[in-house]
Amino acid sequence: MENKFPVKKVMDDEGNFVDNSYEKAINTELVWKLYYHMHRIRSFDRKAINLQRQGRIGTYAPFEGQEASQVGSALVFEEDDWIFPTYRDHGATLTFGADMVETLLYWNGRVEGSLPSKSKNIFPPAVPIASQIPHAVGASWGEKRKGNSNIAIAYFGDGATSEGDFHEGLNFASVFQTPTIFFNQNNGYAISVPIEKQMNSKTIAQKALGYDIPSKRVDGNDCFSVYFETKKAVDRARKGKGPSLIEAVTWRKGAHTTADDPSKYRPENQGKNIIDPITRLERFMKNYGYWQEEKVSAMQKDIITELETAVKEMEAYKHSSVEDLFDHVYSELPAHLTEQKVNYFEHIRGV
Amino acid sequence: MENKFPVKKVMDDEGNFVDNSYEKAINTELVWKLYYHMHRIRSFDRKAINLQRQGRIGTYAPFEGQEASQVGSALVFEEDDWIFPTYRDHGATLTFGADMVETLLYWNGRVEGSLPSKSKNIFPPAVPIASQIPHAVGASWGEKRKGNSNIAIAYFGDGATSEGDFHEGLNFASVFQTPTIFFNQNNGYAISVPIEKQMNSKTIAQKALGYDIPSKRVDGNDCFSVYFETKKAVDRARKGKGPSLIEAVTWRKGAHTTADDPSKYRPENQGKNIIDPITRLERFMKNYGYWQEEKVSAMQKDIITELETAVKEMEAYKHSSVEDLFDHVYSELPAHLTEQKVNYFEHIRGV
Amino acid sequence: MTIDIEMQSLSKKRTGYKILTMVQAINDGMKTMLEEDDTTIIMGEDVGKNGGVFRATEGLQEQFGEERVVDTPLAESGIVGTALGLAVNGFKPIVEIQFMGFIYPAYNQIMTHVSRIRMKTMGRFNAPMVIRAPYGAGIRAPEIHSDSVEAIFTHMPGLKVVCPSNPYDAKGMLISAIQDPDPVLFMEPMRIYRSMRGEVPDEKYSVELGKGVRVQEGGDMSIFAWGAMVSIAEIAAEQAKQKGIQCDVIDLRTLYPLDRQIIAASVQKTGRAVVVHEAHSTGGLGNDIVSTINDTSFLYLRAPIERVTGFDVPVPHFALEEHYLPTPKRVLEAILKAVQF
Amino acid sequence: MTIDIEMQSLSKKRTGYKILTMVQAINDGMKTMLEEDDTTIIMGEDVGKNGGVFRATEGLQEQFGEERVVDTPLAESGIVGTALGLAVNGFKPIVEIQFMGFIYPAYNQIMTHVSRIRMKTMGRFNAPMVIRAPYGAGIRAPEIHSDSVEAIFTHMPGLKVVCPSNPYDAKGMLISAIQDPDPVLFMEPMRIYRSMRGEVPDEKYSVELGKGVRVQEGGDMSIFAWGAMVSIAEIAAEQAKQKGIQCDVIDLRTLYPLDRQIIAASVQKTGRAVVVHEAHSTGGLGNDIVSTINDTSFLYLRAPIERVTGFDVPVPHFALEEHYLPTPKRVLEAILKAVQF
Ligand SMILES: Cc1ncc(C[n+]2csc(CCOP(=O)(O)OP(=O)(O)O)c2C)c(N)n1
Ligand SMILES: Cc1ncc(C[n+]2csc(CCOP(=O)(O)OP(=O)(O)O)c2C)c(N)n1
Ligand SMILES: [Mg+2]
Ligand SMILES: [Mg+2]
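Each value, and the rule that gives it
Residues numbered from 1 in each chain as written. Chains lettered and ligands numbered in written order. Predicted model: local features only at pLDDT ≥ 70, side-chain atom pairs only at ≥ 80, totals over all residues. Heavy atoms only, no water. Contact = heavy atoms within 4.5 Å. Buried area = accessible area lost by both parts, 1.4 Å probe. Salt bridge = Lys/Arg side-chain N within 4 Å of Asp/Glu carboxyl O. Helix = DSSP H or I, 4+ residues; strand = E, 2+ residues; numbered from the N terminus. Nonpolar A, V, L, I, M, F, W, Y, C, P; charged D, E, K, R; others polar. Expected span 1.5 Å × (residues − 1). Near = heavy atom within 4 Å. Polar contact = N/O pair within 3.5 Å; in protein donor to acceptor, adjacent residues only side chain to side chain. Areas by Shrake-Rupley, 256 points an atom, 1.4 Å probe, with all protein chains shown as cover. Core = buried A, V, L, I, M, F, W, Y, C linked by side-chain atoms within 4.5 Å. Buried < 20%, exposed > 50% of the residue type's maximum accessible area, 1.4 Å probe, protein only.

Peer 1: When you look at the interface of chain D and chain C in this model, what are you seeing that I'm missing?
Peer 2: The figure often quoted for interface size is the accessible area lost as the parts come together. The interface of chain D with chain C comprises 47 residues on the first partner and 47 residues on the second. Across the interface of chain D and chain C, roughly 4100 Å² is buried in total on both sides, 64% from carbon and sulfur atoms. Viewed at the interface, chain C and chain D are joined by 6 salt bridges. Among the ionic pairs, C:R307 bridges to D:D295, the shortest N-O distance being 3.0 Å. At 6 residues, helix α10 (residues 285-297) of chain D tops the list of elements feeding residues into the side of chain D that touches chain C. Residues that form the side of chain D that touches chain C fall into these classes: 24 nonpolar, 14 polar and 9 charged.

Shown next, in the form of structure tokens:
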């Protein structure tokens, strides 16, 4: 099966074209957009880890190593598309337009962080694995029913493919030919469980065969390959040609979350030979004359400023309101909940 | 995909060999065993429908049309194998050795009917669709762990392939290489929903590709094809070579259950050109010199006697015991349940 | 034949009304909303041509087309999860779960998403969807087909749970449920799907969710029930009347949020209560009603509250189901026990 | 360092005992049974090399091998369903569900098969399996990780539900659960996994399921709690003592079947009761306890029973979890309210 799903690459580890047919499609704007966002989300990611270590936010799920997959895909989507992320896809949502302060708030246990205040259709990160997959099918089916060309993307990991909801979602998408992109980041592990124990098959792409859904394996550390293959799938979906599955073969460089210790289960050198996705793009930029030292440092400065401002805003954010515990459960507070709320406020005030 | 999974046939609709390589493997004993059991379960099935119409049993799920699939597969299994049937697979369980009286009791709402008193490893018919599939994986995994060569078979329908448990079960079997046979009867419908609405793929066999589980499509109305392909899968499993999926393409001639009216959703002539599996075997028997008129009538007489005796026994069966409502929930009756039971018995006695 | 003639004549009694069974009233409620609101869609197993295994969606696909009345694959989690995706994108799905005992595969979707999406997004996304589920024993159905599991849903903030006991309420409450901005689990007592007929207005009307109703008035005893148990309670109340005991029979109708006011008002009048439900005793909603009375009406109570429920055993295969289910006789005994305390 | 030295010295106090945290005691319980009984196997996500996300299975795969301590694919329904297949075929699976909030996908398997297989087969097949599930809020975990949903399992005849509150009980009850011929849901209060240490015998011992225990004695008030709420109840009881109110604090330990005797005996002594649990109020087990008191001790009651519970809202994101959870102060107020009634 592996032969049937070769890993599609546009550039190699050294940043050289493998597939020259993309030469025209790649231009300064795209290169810098990819580079900027990958940088931006990596800085965010590292900052967040630090904030967690300092106790300034809660448990955090880092995505270092997966920037090409997240940025390369997220840049394809348009304003009215729908994104259904997991807890590890805030690189993608930030790229798509989620607010950075709110993203930080999420990791600080604030409900304000699980919805984008902007009018973007970003779903709260799915915590129960694979549960978001049917949602993406439903939302994109809605777009199709309305006669729009908007699509939905579901992000999910290698581990998620084992859950029933993955299967049910794909089957629904196939039957109703919904404009859904199933975007898998195969990062090698589900917490401590390596993919060899998660499945006996060598690829995730082949799992689409059972539904007659077209699928592709792409080098998830090659931002171009991710970008262009996702784009093809998206264009297909917009044209009413139905769902696709993309397996982005990537690598979780760090821990599952800040509460996890990969040295317990991962051989020390595993993955060390994998070239970092940002390094790869840098090599490409240098090889093909896109590199501009000053532009990079200006960019980095901007990102740091943005980040620091966001962290400050997060920390200065108005305190959680206890009302919010009660007020968003129903469209109108039912009587018994009003009573619970009133009693609790009396309790707080020491009445 | 359909081309990749041709429907394997040993004989054609006229009862002529399509694949002569089986000529040696087919002998009088096998032919008559198949014929006898198919006849027997059909007689049972028709009797059961009548009993239901007369209000002598409850809602009943007929399997007419699927006899070759059920008998052809069930005859392959051995004493210590495990069978996980659905509500429509009592043709298979009867063939495997389930008691006929108990089978009737099941359809009369008696819990006594959902376990075979014989020491056969037949699970109670699974009512929640696809839920038995992981059980079969677990039980056969148990056999493997014990170092036995016993296997387990899960029977399930085309509709069942849509449920998450189908997917999770196949993945577990693939990962742990359990000796499990996933035996699908694709009878064209899940109640009123035709397979074209159940899935967009043309075959069920292809659904095994995602797990690297070998699969075959067989003519489910050709008892030989079912028998020999199941045997291959079983032999493989017994040798420690892991699970297989078999799609038996067959046809539900009647209603989903006696409470169902297929004329509401099925075109009148649909399936009328499908040659009945028993007719096909009869043609084969006549074509190849197996037919013996007297033997057939003797057989039929025996079956009728067996059936009538079974119905009598079922109707003379000791009444349901109200104790059974309480006594098998836990290994020991907990205090609160004892109290409920005692109170209820007092209530019945009018104390 | 006789029945048809009777129906005919009954239905002529008042213009603007039809005499319908409960399942017909439910059908009528869906039809009303499909006509009125384009975003309403029906999804489920066998809801299309077949019109549902109970014929609740009969004729609707024919009238509204395959786009509005959708036969889905056989996968409850997929159905509910997909419906949620549609709901947040502006649709109002009415999901049919074929029997309540088959809702369990969808439990994760309902528990972690459908009921929480409003809270998770502070109202930005919400799930105006209805999950219809025929429930309960008493029709000689196969195993698992007869479960009554409201209690695993009344412990799920964000969801509303309702259960009508007659055709009029069924249509009116279903329309309310469809129009409700929150997700509603709509339980349908299949035992009385067809066993009872009643006047149902032709037009659109709604019955407010969250409100119980007194179906029989009396000062000696409060009986609380819903769904198929309401008529059991009524029969027992009639029998109690023969013995000089006047019962207040309350059909709770909405199981979450409970109408605590009607419960308290009745018990404060009678001082005694019997709760009747099909579900198991332990963990059953009856315990919530006991608590409600404890919380609101402690000083009024003159006897322990009696609960007449299904036993703490799995709903049995149907040969024994009559022994599992509450009967008028069991209810009457509970009434007498409370009166004689 | 200091803690280690302290542990060292504490553990020298008595031979045959170790000072363990709850999660270590659970580990010890599993180890004991893996050693004793070859048919015992551990299955779950990350239970192998990683030793579980809470380290409950730490070292067990190393000691007993990959055959006995099995990392499974990420699929709760598959895990439980497969475990049931193993259980009916002579094995004793101990299933780890990573967090109780992820048990929902397995609800169908537990509800329709695990809890019913004995009844369906009149005892021919049974499911001697344990499902371990860390539950509860208070550790700043992400969404869904903090649910307390015993009530959706105490409404499921055929299953037992237990929840220890200290290391000693944890090991002893886990051993009982593994040896029990019936399926047991073993809830582990992750909030006190490591926050408390206690003496745990090295050897195998068992704590009987179905029995609560009095952890503090008093005649004025009964407090019922389990798991992480026991120490909350104890703190409140201490504070009440300062005010001259003596509380009976009962750790129920087994949630199904409830120890009704200990509940009745305590309330019949005190005439007043407070129930404390993390789960939502409506549909919560607290209501069953109220019912049990109603059924057994009506005439003894001198005040309405108070319930201090999680609110009827989804367990919030952690910034607000302290407001969701019962606190000693809320319990104390309930005590005073009942006393002053
Ligand atoms: C239903 C469910 N079960 C278990 C978990 C606990 N859990 C959180 S992340 C995770 C691993 C997911 O792996 P994968 O899908 O590969 O995504 P990744 O974390 O690698 O991005 C697990 C088991 C969960 N969140 N939901
Ligand atoms: C989880 C679940 N959902 C729904 C049902 C109701 N139901 C019973 S049989 C059936 C159709 C099954 O179709 P298929 O798997 O093709 O088997 P067949 O009946 O054709 O043998 C349905 C939907 C059920 N039993 N379980
Ligand atoms: Mg992964
Ligand atoms: Mg079928």
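Peer 1: I'm lost on helix α5 (residues 132-146) of chain A in this one. Help?
Peer 2: Residues separated by three or four positions in an α-helix point in the same direction, a consequence of the helix having 3.6 residues per turn. Counted at 1.5 Å a residue, the expected span for α5(A) with its 15 residues is 21 Å, and the 21 Å between its end C-alpha atoms agrees. Positive backbone phi, at 80 degrees, marks A:G147, one or two positions downstream of α5(A).

Peer 1: In this structure, what is going on with the site of ligand 1? I would like to understand it.
Peer 2: Around ligand 1, the structure places 20 residues, and the nearest of them are A:Y87, A:R88, A:V127, A:G159 and D:E76. The environment of ligand 1 is shared, with nearby residues belonging to chains A and D. At 2.7 Å, a side-chain N or O of A:Y87 approaches an oxygen atom of ligand 1. A distance of 2.5 Å is found between a nitrogen atom of ligand 1 and a side-chain nitrogen or oxygen belonging to D:E76. Compared with its free state, where it exposes 580 Å², ligand 1 has 96% of that area covered by protein. Each residue belonging to the shell around ligand 1 can be placed in one class, and the counts come to 10 nonpolar, 5 polar and 5 charged.

Peer 1: In this structure, what is going on with the site of ligand 2? I would like to understand it.
Peer 2: Around ligand 2, 20 residues are found, and the nearest of them are B:Y87, B:R88, B:V127, B:G159 and C:E76. In this structure, ligand 2 sits where chains B and C come together, each supplying nearby residues. In this structure, B:I129 approaches ligand 2 through a main-chain N or O atom, which is 3.0 Å from a nitrogen atom. The separation between an oxygen atom of ligand 2 and a polar side-chain atom of B:D158 is 2.9 Å. In isolation ligand 2 has 580 Å² of accessible area, and contact with the protein removes 96% of it. Partitioned by chemical class, the residues of the shell around ligand 2 number 10 nonpolar, 5 polar and 5 charged.

Peer 1: Please explain the nonpolar core as it appears in this structure.
Peer 2: Across soluble globular proteins, nonpolar side chains show a tendency to be buried alongside one another. Counting 349 residues, the largest nonpolar core has B:I26, B:F224, C:F153 and D:F153 as the members making the most contacts within it. Sequence-distant contacts of B:I26, defined by excluding residues within four places in its chain, comprise B:V10, B:F17, B:V31, B:F224, B:F228, B:F284 and B:Y290. Formed by 105 residues, the second largest nonpolar core is a distinct cluster that contains A:I303, A:M314, D:I192 and D:L209.

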